Amino acid sequence: MTQRACKILVVDDEPDLQPLMRQRMRRYVRRGLYTFVFAQNGVEALEMLQEQQDIDLVLSDINMPKMDGLTLLQQIPKVDPDIRSVIISAYGDMKNIRTAMNRGAFDFVTKPIDFDDLKVTIDRTLRNLTEWREALASRDKLVALQNELDVASKMQQSILPTELPGTDEYKVAASMQPARAIGGDFFDFVHLDGGRIGIAVADVSDKGVPAALFMMSSRTLLKGAAIGGTGPGEVLYEVNNLLEEENESAMFVTVLYAEYNPATGELSYANGGHNAPVIFHEDGSSTVLPLTDGVALGLMPGLDYRQETVKLSPSDTLVLYTDGVTEAMNTDFEEFGLERLRRMFVESMPGDAETINDAIFKAVADFAGDAPQSDDITCLTLCRTTTDA
C-alpha cells in the first residue's frame, strides 16, 4: 500500500455522491493516499473490476438498479478474492448489514455518511489488506508456525481502533497486549447520535486463531447493534442472539458495553459476564460499578441484559479492563487483584487518560515480574475533563 495510491471503487447510483466524495476526500487524493473511480450499479462495477486490475477496495451502496450491493459482494471474489469491500447501509439496518458480512464485506458505514468515520473505516480496511498481501507474499518463505501467527497477529491488531475518540469534554486511551501471538481480547468505540460514544471491552474464551476469528465476528456484530440499538441492554441482547445462532464451537465472549454522553457525564452500561468497571475520583477514592447480572454472550439465546446508569463527576476517570489485569500472577502465584488496582491512585491521580492507562499496564508488568503472561491484558481509560455548569 505504500508503493502507490490506494484505488477505491465507489458504487452508488446517487448522482451527488461522486462530487461530494471528491470534495471531502480531496486532501487525501492530493497527498497521493487515494484515487477514486465510480460506478452507478453492480453491473458497471464488475466491468470496471475486470478492466482495472489495481482496485484495492470497493465501497458500495446496497440499494441500486440492475445489480444491488449484496449481489455485487457475491461476485467480487470471482474477479479478485483479495479485494476488500465496505458496504454503505441505512442507519440501523442490521438485517442487510449481517447479510453483507456473511457475503464477505469487511466493514460498513451508515447513511448519512460521516466522512471522518469513513476515513477511519477505509484506513482500517486497507491496513488489513496490507497485512493480508504481506502474508500472501511471505507465505512460501514461512518455515515455522510462529511466523504465520505473527502475520495473523498483525491482521488482528489492524482492526483495533488506532484513532481514539476525544473532545474538550473527555479524553480516552486504550491498549491490548496479547498473551500469545494472537489474542481474544478487544476494545472498540462507536460514534452515536447526539455526540455520544459507545465503548466496549471484551474477552473471548480461549486463545489463538479460533478466539481471534470469534473476536472479529463479535466486534463487527457489536458495532452494528450499537448503531441501531436503543441502549446497552438491547445491544447485548441482540449480539448474544446473533452469536449463538452460528456458534458450533460453543465459544463465548464476556462484554462490557457502555454509552457515554459527554455533555452530561452520564454513562449507561450493561455487563455480559465481564469484570466490573472502576471509577477513580479526584480525591484518590474509587467506586466499583455494580454488576448487572448478565452472562457471557454466545451460549444461550433470548437472555436479557439489564442496564444501569451512573454519572461521572468532573475529573472522574472510568477504567474498563479484562481479567488479564486483575488475574495477572507473580512468581509466588499471587494475583494482582481488584483491590491492588483500586489502590494505585490513592496518593495522586494522573491528569490524563494515556498516563493512567500506561500506569496500569506498568503496574501489572512490575507485579508479574518474571512470571509468564497467561492471559491477554486490555485496559481502556476515559477521563471526564469538563466541569458542571
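Up top you'll find the structure we're talking about.
This structure is a prediction, so every number in the text was calculated from the model and none was measured.

S.K.: Explain the state of the cysteines to me, please; I cannot follow it from the model alone.
M.R.: In protein structure, a disulfide is the covalent linkage between the sulfur atoms of two cysteines. Inspection of every chain in the model, using the stated rule, returns zero disulfides. Between Cys379, a cysteine without a disulfide, and Cys383, which holds the nearest cysteine sulfur, the sulfur-to-sulfur distance is 11 Å.

S.K.: How do you make sense of the side chain of Asp56 when you look at a structure like this?
M.R.: You can see Asp56 is positioned in the loop between helix 3 (42-51) and strand 3 (57-61). Exposure remark for Asp56: the relative accessible area of 0% places this residue in the buried category. In this structure the side chain of Asp56 is engaged in a polar contact, spanning 2.8 Å, whose partner is the backbone nitrogen of Lys7.

S.K.: Hey, could you run me through the packing of aromatic side chains in this one?
M.R.: Given two aromatic rings, their pairing is described by the distance between the two centres and the angle made by the two planes. Inspection of every chain in the model, using the stated rule, returns seven aromatic pairs. Relative to Phe38, the ring of Phe36 has its centre 6.3 Å away and its plane inclined at 25 degrees; by these criteria the two rings are stacked. Taking the relative accessible area as the measure of exposure, Phe36 reaches 9% and is therefore buried. Using a relative accessible area of 14% as the deciding quantity, one classes Phe38 as buried. Look at Phe280 and Phe345: their rings are 5.2 Å apart centre to centre, the planes differ by 85 degrees, and that puts the pair in the edge-to-face class. With Phe280 in strand 11 (residues 278-280) and Phe345 in the loop between helix 11 (338-342) and helix 12 (353-368), this pair connects stretches of sequence that are 65 residues apart. For Phe280, a relative accessible area of 1% corresponds to the buried category. These aromatic residues form a ring-pair network of at least three members: Tyr28, Tyr34, Phe36 and Phe38. Taking NZ or CZ as reference, Lys223 lies 5.2 Å from the ring centre of Phe108, over its face.

S.K.: Sorry if this is basic, but what is going on with empty space enclosed by the protein here?
M.R.: A probe matching the size of a water molecule, rolled over the atoms, marks out where space remains unfilled. Applying the stated rule across the entire model yields one cavity of 30 Å³ or more. Put simply, the largest cavity is a space of about 50 Å³. Phe186, Asp188, Phe189, Val190, Gly198, Ile199, Ala200, Arg219, Leu222, Lys223 and Tyr257 together form the lining of the largest cavity. It is strand 7 (residues 185-191) that provides the largest number of residues to the lining of the largest cavity, a total of four residues. Residues that form the lining of the largest cavity fall into these classes: seven nonpolar, one polar and three charged.

S.K.: Could you clarify how one ought to interpret the sheet that holds strand 15 (residues 377-384) in this entry?
M.R.: To summarise the sheet geometry, strands pair through backbone hydrogen bonds and adopt either a parallel or an antiparallel arrangement. Pairing within the open sheet is antiparallel, and its five strands lie in the order 6-15-14-11-12. Bordering the open sheet on either side are strand 6 (170-177) and strand 12 (286-288), each of which pairs with just one other strand. Strand-to-strand twist of the sheet, defined as the mean angle between neighbouring strand axes without regard to direction, takes the value 15 degrees. The sheet contact formed by strand 6 and strand 15 spans eight bridges and is antiparallel. Following the sheet pairing, Tyr170 is matched in strand 15 by Arg384. Most of the contacts of helix 12 go to strand 15, to which it runs at about 150 degrees, and overall it touches strand 6, strand 14 (317-321) and strand 15.

Here is what the cut-offs are and how they apply
- Residues numbered from 1 in each chain as written.
- Predicted model: local features only at pLDDT ≥ 70, side-chain atom pairs only at ≥ 80, totals over all residues.
- Heavy atoms only, no water.
- Disulfide = S-S within 2.5 Å.
- Helix = DSSP H or I, 4+ residues; strand = E, 2+ residues; numbered from the N terminus.
- Buried < 20%, exposed > 50% of the residue type's maximum accessible area, 1.4 Å probe, protein only.
- Polar contact = N/O pair within 3.5 Å; in protein donor to acceptor, adjacent residues only side chain to side chain.
- Phe/Tyr/Trp six-rings, centres within 6.5 Å; stacked < 30°, edge-to-face > 60°.
- Lys NZ or Arg CZ within 6 Å of the ring centre and 35° of its normal.
- 1 Å grid on protein atoms, 1.4 Å probe; cavity = no way out; pocket = protein on both sides within 12 Å on 5 of 7 lines; lining within 4 Å.
- Points joined across faces, edges and corners; volume = space filled by probe spheres on them.
- Nonpolar A, V, L, I, M, F, W, Y, C, P; charged D, E, K, R; others polar.
- Pairing = 2+ DSSP bridges.
- Axes fitted to C-alpha atoms, helices over the stretch in contact; angles between N-to-C directions.
- Contact = heavy atoms within 4.5 Å.

Any link to function would need more than the numbers given here.
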